[in-house]
Amino acid sequence: MGVILYYCLGSYSKNLFFVPDERLYIQAAKALANGDVISYNGMSSTFQKIVYSIIISPAFMVKDLHIQIRLVCLIGSMAEMTYIFPVYLISRQLNVSRTKSLLLSLFGLSFPTLLFSMTFMSETAFLPLWLWMIYLIILMLDTDKTIIVIPVLAGVVGYILYMCKEVGVVALPAFVFVKIFLVVEDRDNRGDLLKVFYKE
């Protein structure tokens, strides 16, 4: 439902090179689709934040410009709508009922941030990745459920997040800050996020 809604909202004629960032993402995606070296305005580029470009690159295997634009919009809508999964899992981790967690996920369809799917910006991929990172951080803060695979997975997601946008690097210091807060705030319930923030 969300994919159809935001695809319809964003499926209109656009200028691919209106914003410099959009131009860079599009040129990187075209290079990846064609197996070429990433360049910007004909010059080789050391551009590294290629996660979004990788996601939309299949659209540029088609030659027709109008179809490319529609495919980018469709892929962006699909990528951004995956936010519902981490939102639901975060809610469940915070002891919200299944029904309310599902309603919260669906309510997120009204978030203005989702309108990024109408553009050619990396926020389309960054939003769901950031929510997955938050979910993994919550799991790591819950000592009862922390197993070695979770920090490893968090490291992988954190790297992908950084390769999407530089701001993703704040995930690690955010985790460290909250962990320190938990230790200082409640030594008896050290590391247990739920007991500290939801204690009676």
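Before going into details, it helps to say that this report is about the structure given with it. Not measured: the values here are computed from a predicted model.

Some points on the packing of aromatic side chains
Aromatic ring pairs are defined here through the distance separating the ring centres and the angle between the ring planes.
Point 1. Evaluated as defined, the whole model comprises three aromatic pairs.
Point 2. With a centroid separation of 6.0 Å and 15° between ring planes, the pair formed by phenylalanine 126 and tryptophan 130 is classed as stacked. Taken together, the residues phenylalanine 126 and tryptophan 130, both in helix α7 (residues 123-141) and four residues apart, mark about one turn of the helix.
Point 3. Relative accessible area serves as the criterion here: at 25%, tryptophan 130 is assigned to the partly exposed category.

Digging into helix α8 (residues 149-164)
Point 1. Over its 16 residues, α8 runs 22 Å from end to end, which matches the ideal 22 Å to within 8%, given 1.5 Å per residue.
Point 2. Among the residues of α8, Ile150, Ala154, Val157, Gly158, Leu161, Met163 and Cys164 are the ones counted as buried.

Structural notes on helix α4 (residues 65-81)
Point 1. For α4, with 17 residues, the first-to-last C-alpha span of 24 Å sits near the 24 Å given by 1.5 Å per residue.
Point 2. Between the side-chain oxygen at the start of α4 and the backbone nitrogen of histidine 66 there is a gap of 3.0 Å, and the oxygen is on aspartate 64.

Looking at the side chain of lysine 49
Point 1. Along the polypeptide, lysine 49 turns up in the loop between β2 (43-44) and α3 (51-56).
Point 2. With residues near it in sequence (within four places) discarded, lysine 49 still touches Tyr25, Tyr162, Met163, Cys164, Lys165 and Glu166.

What counts as what
Residues numbered from 1 in each chain as written. Predicted model: local features only at pLDDT ≥ 70, side-chain atom pairs only at ≥ 80, totals over all residues. Heavy atoms only, no water. Phe/Tyr/Trp six-rings, centres within 6.5 Å; stacked < 30°, edge-to-face > 60°. Helix = DSSP H or I, 4+ residues; strand = E, 2+ residues; numbered from the N terminus. Buried < 20%, exposed > 50% of the residue type's maximum accessible area, 1.4 Å probe, protein only. Expected span 1.5 Å × (residues − 1). Polar contact = N/O pair within 3.5 Å; in protein donor to acceptor, adjacent residues only side chain to side chain. Contact = heavy atoms within 4.5 Å.

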